[in-house]
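In case you want the letters, here they are:
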Amino acid sequence: MRAVCRSAFWLRSQKYQLPKIYCKSVTSKSAVVDLDESNQDIQHYSHFKSLIKTQGIPNSDGPTCLRISCKLCASTQEAWAYINKRSGAFMCPSCDIKLPLAVVRSAYEKQKQIVDRQQELKKEYKTKCKDCSRVPYDMCDTLHITSLKQVDLELLGAAYDKSSNVLQFPLKNANKRYVGEKWLFLTNGSEETYCDGNTSGLLMHYVATKQKAIVVSRIVDFLALIAQRLETHSIVCLPFGLKSLPQECLPGLENFKELILWFKYDSPSWDIAKMFASKMGEKRCLLIRPTDSEPSPFEAQRKRLNLRHILQRATPVRHPSITTFSGLRNDVLSELQNIEKVHGVKWKRFPALNKLLKGHRKGELTILTGPTGCGKTTFMSEYSLDLALQGVSTLWGSFEIRNSRLAVTLLRQFVGYSLEKKLNEFEHWAGEFEKHPMYFMTFHGQQPLKLVLDAIEHAHYVHDINHVIIDNLQFMMGMHYRVDKFWEQDNIIAAFRSLATNRNVHVTLVMHPRKERGEDDLTTNSIFGSAKATQEADNVLIIQDKRLTSVSGKKYLQVVKNRYSGDLGMMPLEFNKEGLSYASVGKKKRKEKDKDGEKEKDVLTGDILPRSLDK
């Protein structure tokens, strides 16, 4: 009990971490995005709607899903299934299954039961807690949440694990089935989420009316709102915080006609709130603006602000094509209050790049070019890996080299050395790599623009992609042009520019330059095609390679366009062959021993350095 009380210091420090995600499943965070299944589901959706209408199957159209009566199992109870209207995924919370719509359509046509409900019920999630017990009576005082009561925690099904000093909360799907759990570590305020397979649930507090709900990303915000005794709103806590919103969560929100998104106030949270609102249905979503006067619920109650008044100031998501300065006023204030976070995600491996570009921001278009064989793909893989390790969900479109070859490069850069002679370590490092949000499109060589954009849209909706890489544009275009090759390239660049702006994702295009004399530096005019590429781009990066034209020639990355801050300059590129790394900390790592003397830390980044398991 005393350990619980002593751990309350984190509440006063107000330093929180994004939740970690642990899924026991064959589906990893590093997965292949294949468009075939999605395309089939979308194609079958209209036919499936006609089928259920012909058969007279009960159904209702919701904000994000079509709700129908599930006929796939032999259950005597009425079970409702949900079909996502944008991805076409069929989900049944009762059976806890997710199937392609083509399979479901065939089963409905033949009126065939294809799910063994009894077997599915046996797969109910088992808690990871080792020493679960009733929540201590002084827990509400420990949490420093005014008016929170012991009965509130008991009604949520919360438990206390003394061995780990955590509060455990069950996650449930739309059918109230236990599908995972969310932990709040009382030592430091961090959160972790555990779930099985492709399922995902929500932490919910219901009131008598279910027409309105407040959606938060952290457990402390969730509890702070429960303590307010709101009679008109249910409270919902997302399973993975601001990292992602799985489509499996959407059925649990279908009954609500109004959703108020209230996240911890900063500019990244504001961007994510707007993205989640698009996923949940913008017409029913309202947002709490991220300003000092409207902080997150937990901070608001600590500052003794009136949370009910803040709720009344929630504003609808505006029309995407029309706004005024009044509508932008709080956005401007938010940027000024969070100017460092507006800069974007910082690179840990390329500190010199942070000084020039300030950071990696959503909604921008970056072009990378350089002579053939200079290492554009190798650099871009490490560039993207650095961001993915910090939680930037990345989608690779490698049209020039195979995904397996690209993955070998990424894994080697991740580990820091080759695994060819240490295959016994492969399973360990592959498991570690899979925890990070890296996805790959299955295209290779020339592909139609519409097919590529459809795959990106699907990945953005399902996996909350923040960074898209096309390597490279000329290979995607191929050699067969409908009209003029320059017109076609301009059309593709315009499409990616629109994608970056409308979906608020960062798009990086790798492009070949024109043939130049070897002794001349490449410039923006050297990029293949017309001037549209450099005009549309927010950032233009050029790898200059002078090793073949000068005895003392060097390779360096040059920033020749930077629309955000205007800073231009160069970053030396020194290649570390062992780790396939261009990072300034990759070749000349400065190390120090941590307290236990076993792990090595990089002095520049503070990260634990990967090391051979043989050591």
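Residues numbered from 1 in each chain as written. Predicted model: local features only at pLDDT ≥ 70, side-chain atom pairs only at ≥ 80, totals over all residues. Heavy atoms only, no water.

Going by an unreviewed UniProt entry, the protein chain carries the name DNA 5'-3' helicase and comes from Glossina brevipalpis. Listed in UniProt under the heading Catalytic activity (unreviewed entry), the comment for the protein chain reads: "ATP + H2O = ADP + phosphate + H(+)". (UniProt positions renumbered as here; feature names shortened; annotations may be inferred.)

## Remarks on the packing of helix 15 (residues 376-388) against helix 16 (residues 403-415)
Running from N to C, helix 15 and helix 16 cross one another at 55°; their axes reach a closest spacing of 10 Å. Comparing their axes, helix 16 and helix 15 come out oblique. Note on packing geometry: the crossing formed by helix 15 with helix 16 is right-handed. Residues Thr377, Thr378, Ser381, Glu382, Ser384 and Leu385 of helix 15 form the contact with helix 16, whose own contacting residues are Leu406, Thr409, Leu410, Gln413 and Phe414. (Axes fitted to C-alpha atoms, helices over the stretch in contact; angles between N-to-C directions. Helix = DSSP H or I, 4+ residues; strand = E, 2+ residues; numbered from the N terminus. Parallel < 35°, antiparallel > 145°, perpendicular 65-115°, else oblique. Left-handed = near helix turned anticlockwise from the far one by under 90°. Contact = heavy atoms within 4.5 Å.)

## Considerations on the pairing of strand 25 (residues 555-562)
Most of strand 25 sits out of view: six of its eight residues are buried. Examined bridge by bridge, strand 24 (residues 539-545) and strand 25 share seven bridges and lie antiparallel to one another. Opposite isoleucine 542, over in strand 25, you have glutamine 558 as the bridge partner. Here strand 25 runs beside strand 26 (residues 569-572); their pairing, made up of four bridges, is antiparallel. Counted as the bridge partner of glutamine 558 is methionine 570 from strand 26. Between strand 25 and the antiparallel strand that follows it, strand 26, lie six residues; glycine 566 among them carries a positive phi value of about 80°. (Buried < 20%, exposed > 50% of the residue type's maximum accessible area, 1.4 Å probe, protein only. Pairing = 2+ DSSP bridges.)

## Quick notes on unusual backbone geometry
The linkage connecting aspartate 471 with the following residue, asparagine 472, adopts the cis geometry, with an omega of -10°. Inspection of the secondary structure assignment puts asparagine 472 in the loop between strand 22 (467-471) and helix 19 (473-477).

## Describing the nonpolar core
Judged by nonpolar contacts, the single largest core of 39 residues is most densely connected at Leu143, Leu148, Leu153, Phe169, Phe222 and Leu223. Sorting the residues of this core by element identifies helix 6 (139-143), strand 10 (166-172), strand 14 (212-216), helix 8 (219-226), strand 15 (234-237), helix 10 (297-302) and helix 11 (307-312) as the ones contributing at least two each. It is helix 8 that contributes the most residues to this core, seven residues altogether. Excluding anything up to four places from it in sequence, leucine 153 contacts Val135, Met139, Cys140, Leu148, Ala158, Phe169 and Leu223. (Core = buried A, V, L, I, M, F, W, Y, C linked by side-chain atoms within 4.5 Å.)

## Details of the environment of threonine 64
You can see threonine 64 is positioned in the loop between strand 3 (59-61) and strand 4 (65-69). For the pair threonine 64 and isoleucine 83, spaced 19 residues apart in the sequence, the C-alpha separation amounts to 8.5 Å. If we ignore the near neighbours within four places in the chain, the residues touching threonine 64 are Ile83, Asn84, Lys85, Leu250, Glu254, Lys279, Met280, Gly281 and Arg284. A distance of 2.4 Å separates a polar atom in the side chain of threonine 64 from a polar atom in the side chain of glutamate 254. (Polar contact = N/O pair within 3.5 Å; in protein donor to acceptor, adjacent residues only side chain to side chain.)

## Considerations on the pattern of salt bridges
In the structure shown here, the tally under the stated rule is 21 salt bridges. One salt bridge connects aspartate 567 with lysine 358, and the closest N-O pair in it is separated by 3.1 Å. Taken as a pair, aspartate 567 in the loop between strand 25 and strand 26 and lysine 358 in the loop between helix 14 (351-357) and strand 19 (365-369) lie far apart in primary sequence, 209 residues in all. The class for aspartate 567 is partly exposed, based on a relative accessible area of 29%. Residue classification places lysine 358 among the partly exposed residues on the basis of a relative accessible area of 23%. For the salt bridge of arginine 497 with aspartate 538, the shortest nitrogen-to-oxygen distance reads 2.6 Å. Here arginine 497, found in helix 20 (residues 485-503), pairs with aspartate 538, found in the loop between helix 21 (532-536) and strand 24; they are 41 residues apart in sequence, far enough to count as distant. The residues arginine 497 and aspartate 538 share a single accessibility class, namely buried. (Salt bridge = Lys/Arg side-chain N within 4 Å of Asp/Glu carboxyl O.)

## Describing the confidence of the model for the protein chain
Across the protein chain, the average pLDDT comes to 82, with 81% of residues at 70 or higher. In the predicted structure, residues 1-39 sits below a pLDDT of 50 and forms 108 contacts with residues beyond four places in sequence or in another chain. The model gives residues 585-606 a pLDDT under 50, and that stretch makes 40 contacts with residues more than four places away or in other chains. (pLDDT = per-residue confidence, 0-100.)

## Here we look at the packing of aromatic side chains
Counted by the stated rule, this structure contains 13 aromatic pairs. With a centroid separation of 5.4 Å and 75° between ring planes, the pair formed by tyrosine 125 and tyrosine 178 is classed as edge-to-face. Pair noted here: tyrosine 125 is in the loop between helix 5 (117-121) and strand 8 (132-133) and tyrosine 178 is in strand 11 (residues 178-185), with a separation of 53 residues, a long-range link. Aromatic side chains phenylalanine 575 and tyrosine 582 sit 5.0 Å apart centroid to centroid with 45° between the ring planes, which places their arrangement in the tilted category. Tyrosine 582 gets classed as buried once you look at its relative accessible area, which sits at 6%. Taken together, the ring pairs in this structure connect Trp347, Phe350, Phe379, Tyr383, Phe575 and Tyr582 into an aromatic cluster. Just above the ring of tryptophan 80 sits the side chain of arginine 67; from NZ or CZ to the centre is 4.0 Å. Sitting over the face of the ring of tyrosine 461, lysine 279 holds its NZ or CZ atom 5.3 Å from the ring centroid. (Phe/Tyr/Trp six-rings, centres within 6.5 Å; stacked < 30°, edge-to-face > 60°. Lys NZ or Arg CZ within 6 Å of the ring centre and 35° of its normal.)

## A few points about the pairing of strand 22
With respect to burial, strand 22 is a largely interior element, five of its five residues being buried. Residues His467, Ile469 and Asp471 of strand 22 are buried on one face, and the alternating residues Val468 and Ile470, pointing to the opposite face, are buried as well. Inspection of the sheet shows strand 20 (residues 394-398) paired to strand 22 by five bridges, in the parallel sense. Looking across to strand 22, one finds that tryptophan 396 is bridged to isoleucine 469. By the bridge criterion, five bridges tie strand 22 to strand 23 (residues 506-511) in an arrangement that is parallel. Bridge pairing in strand 23 links histidine 467 to histidine 506.

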